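Chain by chain, the residues:
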Amino acid sequence: MRTPQTILIVDDNRTNRILLARSLATSGYLTLEACDGAKAIELAMEHRPSIILLDVQMPTMDGFEACTRLKSIEKTAAIPVLFLTSHSEPANIERAFAVGGCDCIAKPFHMGEVKARLAVHLGLREATDMLEETHAQLLLAQKMESIGQLAAGVAHEINTPTQFVGDNTRFLRDTFDQLAPALGQVRKLLETAIAGEDCEGEAKAVKELFEEIELDYILEEFPTALDQSIEGLQRVSTIVKAMKEFSHSGSSEMALADLNRSLETTINVASHEWKYVADVEKDFDEDLPDVYCHEGEIAQVLLNMIVNAAHALREELNEEAGEKGVIRLSTCRSGKYVEIRVSDTGAGIPEEIRQRIFDPFFTTKAVGEGTGQGLALAHKVVVQEHQGTISVESEVGVGTTFIIRLPLGRELEAVS
Ligand SMILES: Nc1ncnc2c1ncn2[C@@H]1O[C@H](COP(=O)(O)OP(=O)(O)OP(=O)(O)O)[C@@H](O)[C@H]1O
Ligand SMILES: [Mg+2]
């Protein structure tokens, strides 16, 4: 069963309120009542009604001011406000829309008209809520998809060193199996020599054994196998650490974050995406101030940009011939902002599509290769959630640079 929708009726005239409340209740709506603007804001914050019917002329705080305030409060901004006014001259109606109202009904009103308009705006509200929810789900799906894609790369990144560390360890064990008896013979030879007995025969046998097991080869290969294994384990440890940091940075709380470290982690996590097509150059400002942000979301944005850069390079290069381009990542402080640049020497973005790349679902990639959500998500995270900016500079055949700017000092606003 559908939950009944709640309508907040705001009018200083008690008779109007009673009339509206009774009639709306017979149509299955729940109602709340407020006699002035201040009480209306209080009730709206507490109950989040589906819609507000707001009288314009009221003592102390009039309907226009109440609406302006409701629209400036995050919790109540999305609630549609339908004005009721006995001054229905054009200037007043214009003002009702200017302060954020969605409609205006002239008093004295006809209940049938009020209900018809309410039904339209409630339907619109439902549709908008559904759209927003779908968009949020899509963004989450995009995030899950890129994490899934990453997981395959990470598995490969771990698998390769694991395989050669395994091969090397088996080589070391087999070699040791050959060396151990030879060393036993050497010990016997030493004992014979120390006892002052003739040991020429034993010495010859040891020499032959060393030749048989190819001691020179062992002496050469043993340290190489050990070094390679240490390096392989180091690679596994780096990627595991990066994955741990990447998932840890998914905390939903805003906090001060070191974005140089986030970039470093993201480069490591995404290494499988770029390492066959690019050399990564880093130019990080060592004195970069921490930024108050959702670090996990910013890391997701950086990941999308690095993956896009790798794709743009793949499009341009002959990978099979071993050609590589450059992905350059830099950070710096720029006034009250921290600036991150992600550049590539890839295909570039043709001018005619540059305006559309941040649109949801815009992609030039084949079905299955891109959903067109990466930059839409980046825009939402950077601009809407962090009050930052994203811009792009690009030249076809030369490359592309994305510039992200995040404001500093937002932790101070959060405290106040
Ligand atoms: N660095 C880049 N170089 C060239 N073109 C790019 C670059 N980054 C983005 N684009 C263009 O912008 C489009 C949109 O990018 P976006 O990241 O939003 O989606 P996508 O990469 O196509 O798919 P996905 O949802 O998997 O990220 C791409 O399809 C591509 O045409
Ligand atoms: Mg992308």
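Scroll up to find the structure.
Residues numbered from 1 in each chain as written. Chains lettered and ligands numbered in written order. Predicted model: local features only at pLDDT ≥ 70, side-chain atom pairs only at ≥ 80, totals over all residues. Heavy atoms only, no water.

Peer 1: So what exactly am I meant to see when it comes to unusual backbone geometry here?
Peer 2: One can expect most non-glycine residues to show negative phi and most peptide bonds to be in trans. Of note, the amide linkage connecting Lys-107 to Pro-108 takes the cis form, showing an omega dihedral of -5°. Structurally, Pro-108 is set in the loop between strand E5 (103–106) and helix H5 (111–194). Positive phi values are uncommon outside glycine, yet Phe-361 reaches one of about 75°. Along the polypeptide, Phe-361 turns up in the loop between helix H11 (351–354) and helix H12 (374–385). (Helix = DSSP H or I, 4+ residues; strand = E, 2+ residues; numbered from the N terminus.)

Peer 1: Where do I start with the sheet that holds strand E11 (residues 389–395) in this structure?
Peer 2: Hydrogen bonds between backbone atoms are what pair the strands of a sheet, whose relative direction is either parallel or antiparallel. Here we have five strands laid out as an open sheet, ordered E7-E9-E10-E12-E11, and mixed in their pairing. The strands lining the two open edges of the sheet, one partner per strand, are strand E7 (278–283) and E11. With direction set aside, neighbouring strand axes in the sheet form an average angle of 15°. Packing against the sheet, helix H8 (residues 259–269) makes contact with E7, strand E9 (325–334), strand E10 (337–344) and strand E12 (399–407), and its axis sits at approximately 165° to E9. In this fold helix H10 (residues 295–316) packs onto E7, E9, E10, E11 and E12, with an angle of close to 145° to the strand it touches most, E9. (Pairing = 2+ DSSP bridges. Axes fitted to C-alpha atoms, helices over the stretch in contact; angles between N-to-C directions. Contact = heavy atoms within 4.5 Å.)

Peer 1: Just checking my understanding: could you explain the packing of H8 against H10 for this structure?
Peer 2: Between two packed helices, both the angle of their axes relative to each other and the distance between the axes serve to describe the pair. The geometry of H8 relative to H10 is characterised by a closest axis approach of 9 Å and an angle of 50° between their N-to-C directions. It follows that H8 is oblique to H10 by the angle criterion. Seen along the crossing, H8 lies across H10 with a hand that is right-handed. Of the residues in H10, those in contact with Leu-259, Arg-261, Ser-262, Leu-263, Thr-266 and Ile-267 of H8 are Glu-295, Ile-298, Ala-299, Leu-302, Leu-303 and Ile-306. (Parallel < 35°, antiparallel > 145°, perpendicular 65-115°, else oblique. Left-handed = near helix turned anticlockwise from the far one by under 90°.)

Peer 1: For this particular structure, what's the right way to read the site of ligand 1?
Peer 2: As a structural note, the neighbourhood of ligand 1 is formed by 20 residues, with Thr-363, Thr-364, Lys-365, Thr-371 and Leu-375 the closest of them. Here Asn-308 contributes a side-chain N or O atom positioned 2.8 Å from an oxygen atom of ligand 1. Here an oxygen atom of ligand 1 sits 2.5 Å away from a polar atom, N or O, in the side chain of Thr-363. Protein burial of ligand 1: of its 600 Å² of free accessible surface, 93% is covered by the chains. Counting only elements with at least two residues in the shell around ligand 1, the list comes to H10, H12 and E12. The dominant element in the shell around ligand 1, judged by the number of residues it contributes, is H10, at three residues. (Near = heavy atom within 4 Å. Polar contact = N/O pair within 3.5 Å; in protein donor to acceptor, adjacent residues only side chain to side chain. Areas by Shrake-Rupley, 256 points an atom, 1.4 Å probe, with all protein chains shown as cover.)

Peer 1: Please clarify how the packing of aromatic side chains should be interpreted in this entry.
Peer 2: In this description, an aromatic ring pair is defined by two values, namely the gap between the centres and the angle between the planes. Tallying each qualifying case throughout the model produces three aromatic pairs. On the basis of an interplanar angle of 85° and a centroid distance of 6.4 Å, the ring pair of Phe-171 and Tyr-217 is categorised as edge-to-face. With Phe-171 in helix H5 and Tyr-217 in helix H7 (residues 215–248), the pair connects residues that are 46 residues apart, well separated along the chain. On the accessibility criterion, Tyr-217 (45% relative accessible area) is partly exposed. An angle of 90° between the planes, with centres 6.3 Å apart, marks the rings of Phe-358 and Phe-402 as edge-to-face. On the criterion of sequence distance, the pair formed by Phe-358 in the loop between H11 and H12 and Phe-402 in strand E12 is long-range, its members being 44 residues apart. Summarising the burial analysis for this pair, Phe-358 and Phe-402 share the class buried. Sitting over the face of the ring of Tyr-337, Arg-405 holds its NZ or CZ atom 4.7 Å from the ring centroid. (Phe/Tyr/Trp six-rings, centres within 6.5 Å; stacked < 30°, edge-to-face > 60°. Buried < 20%, exposed > 50% of the residue type's maximum accessible area, 1.4 Å probe, protein only. Lys NZ or Arg CZ within 6 Å of the ring centre and 35° of its normal.)

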